[in-house]
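As a plain string of letters, each chain reads:
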Amino acid sequence: MRRTLFTGEHDTFRATARDFLAKHVVPYFPAWEQAGLVPREIFTKVGDLGVLGMQIPARHGGAGTRSFLYPAIWAEETARAHVNLGGLGVHLNVVIPYFVSYSTEEQAGRWLPGLGTGALMASIAMTEPGTGSDLAGMATTAVRDGDDWILNGAKTFITGGVHADLVIVVARTGEGGDRRDGLSLLVVERDMPGFTRGRNLDKLGLRTQDTAELFFEDVRVPAGNLLGEEGQAFRYLTGNLPQERLAIAVGAQAAAEAALDTTLAYVRDRQVFGKSVASFQNTRFELAACATRLEAGRALVDRALVAHDAGELSIADAAKVKVFCTELQGEVVDRCLQLHGGYGYMREYPIARLYADARVSRIYGGTTEVLKTIIAKSLGI
Ligand SMILES: Cc1cc2nc3c(=O)[nH]c(=O)nc-3n(C[C@H](O)[C@H](O)[C@H](O)COP(=O)(O)OP(=O)(O)OC[C@H]3O[C@@H](n4cnc5c(N)ncnc54)[C@H](O)[C@@H]3O)c2cc1C
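Chains are numbered independently. Their residues run from 1 in the order of the written sequence. Restriction of local features to residues with pLDDT of at least 70 applies here, the model being predicted, together with a cutoff of 80 or more for giving and counting side-chain atom pairs; totals for whole chains, interfaces and linings are based on all residues. Side-chain figures throughout are based on the complete set of non-hydrogen atoms in the structure, without hydrogens or water.

### A look at the site of the ligand
Consideration 1: Near is defined per residue: the residue qualifies when any heavy atom it owns lies within 4 Å of the molecule or strand. Around the ligand, the structure places 17 residues, and the nearest of them are T127, S133, T159, T367 and E369.
Consideration 2: S133 has a polar side-chain atom sitting 2.6 Å from an oxygen atom of the ligand.
Consideration 3: Polar contact is defined as a pair of N or O atoms within 3.5 Å, subject to the rule that within protein one atom must be able to donate a hydrogen and the other to accept it, and that residues adjacent in sequence are counted only when both atoms are side-chain atoms. Between a nitrogen atom of the ligand and a main-chain N or O atom of F157, the distance comes to 2.8 Å.
Consideration 4: Methods summary: accessible areas were calculated by the Shrake-Rupley approach with a probe of 1.4 Å, and residue burial reflects only the protein chains presented. Considered on its own, the ligand offers 980 Å² of accessible surface; in the complex 63% of this is hidden by protein.
Consideration 5: Broken down by element, the residue count for the shell around the ligand peaks at 3 residues, all from strand β3 (residues 148–159).
Consideration 6: Looking at the shell around the ligand residue by residue, the class counts come to 9 nonpolar, 6 polar and 2 charged.
Consideration 7: These domain limits were set by an automatic method or by a database of domain assignments. When residues of the shell around the ligand are assigned to domains, at least three fall in each of domain 2 (123–231) and domain 3 (235–378). Secondary structure is summarised from DSSP: a helix means a run of H or I of at least four residues, a strand means a run of E of at least two, and numbering begins at the N terminus for each. Any residue that is not Ala, Val, Leu, Ile, Met, Phe, Trp, Tyr, Cys, Pro, Asp, Glu, Lys or Arg is counted as polar, Gly included; the first ten are nonpolar and the last four charged.

### Side note on the domain arrangement of the protein
Consideration 1: Along its sequence, the protein is organised into domain 1 (8–120), domain 2 (123–231) and domain 3 (235–378).
Consideration 2: Here domain 2 and domain 3 have C-alpha centroids that lie 31 Å from each other.
Consideration 3: In what follows, a contact means two residues having at least one pair of non-hydrogen atoms within 4.5 Å. At the interface, 14 residues of domain 2 touch 10 residues of domain 3.
Consideration 4: Summed over both partners, the accessible surface that disappears when two parts come together, traced with a 1.4 Å probe, is what is meant by buried area. Here domain 2 meets domain 3 over a buried area of about 880 Å², counting both sides, of which 68% is carbon and sulfur.
Consideration 5: On the domain 2 side of the interface with domain 3, the three residues burying the most area are S133, L204 and L206, jointly 42% of the side's total.
Consideration 6: By definition, a salt bridge exists where a carboxyl oxygen of Asp or Glu is found within 4 Å of a side-chain nitrogen of Lys or Arg. Taken together, the connections running from domain 2 to domain 3 amount to 0 salt bridges.
Consideration 7: Counting every contact that joins domain 2 to domain 3 gives 2 residue pairs in polar contact (both at pLDDT 80 or more).
Consideration 8: Residue classes in the side of domain 2 that touches domain 3 are distributed as 8 nonpolar, 4 polar and 2 charged.

### Quick word on the packing of helix α8 (residues 281–309) against helix α9 (residues 315–338)
Consideration 1: Contact pair α8 / α9: the axes reach a minimum separation of 10 Å and the direction vectors enclose 155°. Judged on the interaxial angle alone, α9 and α8 are roughly antiparallel. Considering only the axes of α8 and α9, their crossing is left-handed. Seen from α8, the contacting residues are E286, L287, A289, C290, R293, L294, A296, G297, L300, V301 and A304; seen from α9, they are V321, F324, C325, L328, E331, V332, R335 and C336.
Consideration 2: Split into classes, the residues belonging to the contact of α8 with α9 amount to 14 nonpolar, 1 polar and 4 charged. Between the N-to-C directions of two axes lies an angle of 0 to 180 degrees, each axis being a line fitted to C-alpha atoms and, for a helix, fitted only over the stretch in contact. By the definition adopted for this analysis, an angle is roughly parallel if under 35 degrees, roughly antiparallel if over 145, roughly perpendicular if from 65 to 115, and oblique otherwise. Handedness of a crossing follows from how the near helix is turned relative to the far one, being left-handed for an anticlockwise turn of less than a right angle and right-handed for a clockwise one.

### So, the pattern of salt bridges
Consideration 1: This model, assessed by the stated rule, comprises 27 salt bridges.
Consideration 2: With its nearest N and O atoms 3.0 Å apart, the salt bridge here joins E286 to R335. Of the two residues, E286 sits in helix α8 while R335 sits in helix α9, which places them 49 residues apart along the sequence.
Consideration 3: A salt bridge links R293 to E331; the shortest N-O distance between them is 2.6 Å.

### Description of the packing of aromatic side chains
Consideration 1: Between the rings of Phe, Tyr and Trp (Trp by its six-membered ring), a pair exists once the centres lie within 6.5 Å; its type follows the angle of the planes, with under 30 degrees stacked, over 60 edge-to-face, and the other angles tilted. As enumerated under the stated definition, the model contains 9 aromatic pairs in all.
Consideration 2: Each ring, one from Y98 and one from Y102, has its centre 6.3 Å from the other, and the planes form 45°; the classification is tilted. Here Y98 pairs with Y102, and both are found in helix α5 (residues 88–102), just 4 residues apart, close to one helical turn.
Consideration 3: Whether a residue is buried, partly exposed or exposed follows from its accessible area with a 1.4 Å probe, protein chains only, as a fraction of its type maximum: under 20%, in between, or over 50%, in that order. By relative accessible area, Y98 is classed as buried at 1%.
Consideration 4: Relative to Y349, the ring of Y266 lies with its centre 6.0 Å away and its plane at 90°, an arrangement referred to as edge-to-face. Of this pair, Y266 sits in helix α7 (residues 233–269) while Y349 sits in the loop between α9 and α10 (350–358), placing them 83 residues apart in sequence.
Consideration 5: Judged by relative accessible area, Y266 falls into the buried class, the value being 12%.

### Let's talk about the state of the cysteines
Consideration 1: By disulfide we mean two sulfur atoms from cysteines, separated by a distance within 2.5 Å. Summed over all chains, the structure comprises 0 disulfides.
Consideration 2: For the unlinked cysteine C325, the closest cysteine sulfur is that of C290, found at 14 Å.
Consideration 3: Owing to a relative accessible area of 0%, C325 belongs among the buried residues under this scheme.
Consideration 4: Residue C336 stays outside any disulfide, its sulfur separated by 4.6 Å from that of C290, the closest cysteine.

### Let's talk about the nonpolar core
Consideration 1: Residues V25, I42, V46, W74, L85, L246 and L305 are the most contacted members of the largest nonpolar core, which totals 41 residues.
Consideration 2: Only α1 (8–24), α2 (29–35), α3 (41–48), α4 (69–80), α5, α7, α8 and α9 provide two or more residues apiece to this core.
Consideration 3: By residue number, the principal contributor to this core is α4, which donates 6 residues.
Consideration 4: Two domains share this core, each providing at least three of its residues, namely domain 1 (8–120) and domain 3 (235–378).
Consideration 5: With sequence-adjacent residues up to four places away left out, L85 is seen in contact with L21, V25, W32, V38, I42, F43, V46 and W74.
Consideration 6: Core analysis: the second largest hydrophobic core is formed by 26 residues, V95, L115, M138 and L237 among them. Side-chain atoms within 4.5 Å are what join buried Ala, Val, Leu, Ile, Met, Phe, Trp, Tyr and Cys residues into a set we call a nonpolar core.

As structure tokens, this is what we get:
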């Protein structure tokens, strides 16, 4: 069905993104997968294209649009090309919004221009070895000492953690009546003494995405690096969740569509018992079912994109969209891989990569189970 939410300008941007990825990413991607990391220069190249600065105010060098449609197009085109640009998606869709929303004017002048060009890459560190879903249970602390905060703790699974120049660290700075009170956001800079990175974690999929452990031992973070108000981090995190989860849903939907496309080409080509795999009734039914379910996912994502731009996407809405699209992605890539036979298990075929990369969508940004508890709560139960 025809999508109705994009204008001619969006189509032009999509064509530019597609062309850029085909020229500057696709040919090099296998080597980056081997290296387990994308090269640093790719971020400034994407920055030159204007992608990273889209949501940054014009006075700080960006395009100043709050619309999420451009980042969504970028995510779709990346998935369509079967590539992943490391921590760039988190930098763009998750981290920049914190800087835009909560920086003081001085902080905005210091950080936003670099974040928009890719000269500065940033990550967000919430998860700890001892706590992921239960964020309020985090053990990282920051204690005020004169003009500084003294930060101690460890974070894990941090996307972009190897490349990051700035890390927004969520730390406990006080106690409150509620466990969710007393958390704050501190911006840790690359060379601050006491800040070290562990290894680039060895993952099942997303092989070009650096995912790191981060350690903080008596790191002196200047008071000027507190992002937003002290003790308000939980509220800020909650406020940004709809976009973070919508971004994952957009990527999941696009990756599942890419799985269908690559499988259609494969089954037409592959001959078994003297016939194409596409000619078997099972194949036709399987792919017809995938295509039908993907139309439903597409309708949901597009509706959510419009609602988000209108400021109407609630936390429960975004949870529903993420659960639906990521579960659908898992189902579609599995059915599509099956139709490839043994070749589907070989990484040289895109479906193998799509299958491995899909698994985490149901885990990060809130697991399916945690999101179901949010949806249930919105139902009053
Ligand atoms: C590749 C990757 C990238 C990531 N990037 C980042 C990042 O950039 N920054 C960051 O801070 N974090 C990041 N994460 C962490 C991610 O957000 C967490 O892994 C996720 O929130 C789950 O937390 P956990 O791993 O501790 O699982 P746990 O919380 O230990 O959950 C274990 C199981 O218990 C279930 N469970 C938990 N609570 C409930 C409940 N109330 N009811 C029912 N079941 C429940 C979960 O659904 C899950 O099945 C990343 C993770 C991965 C794998």
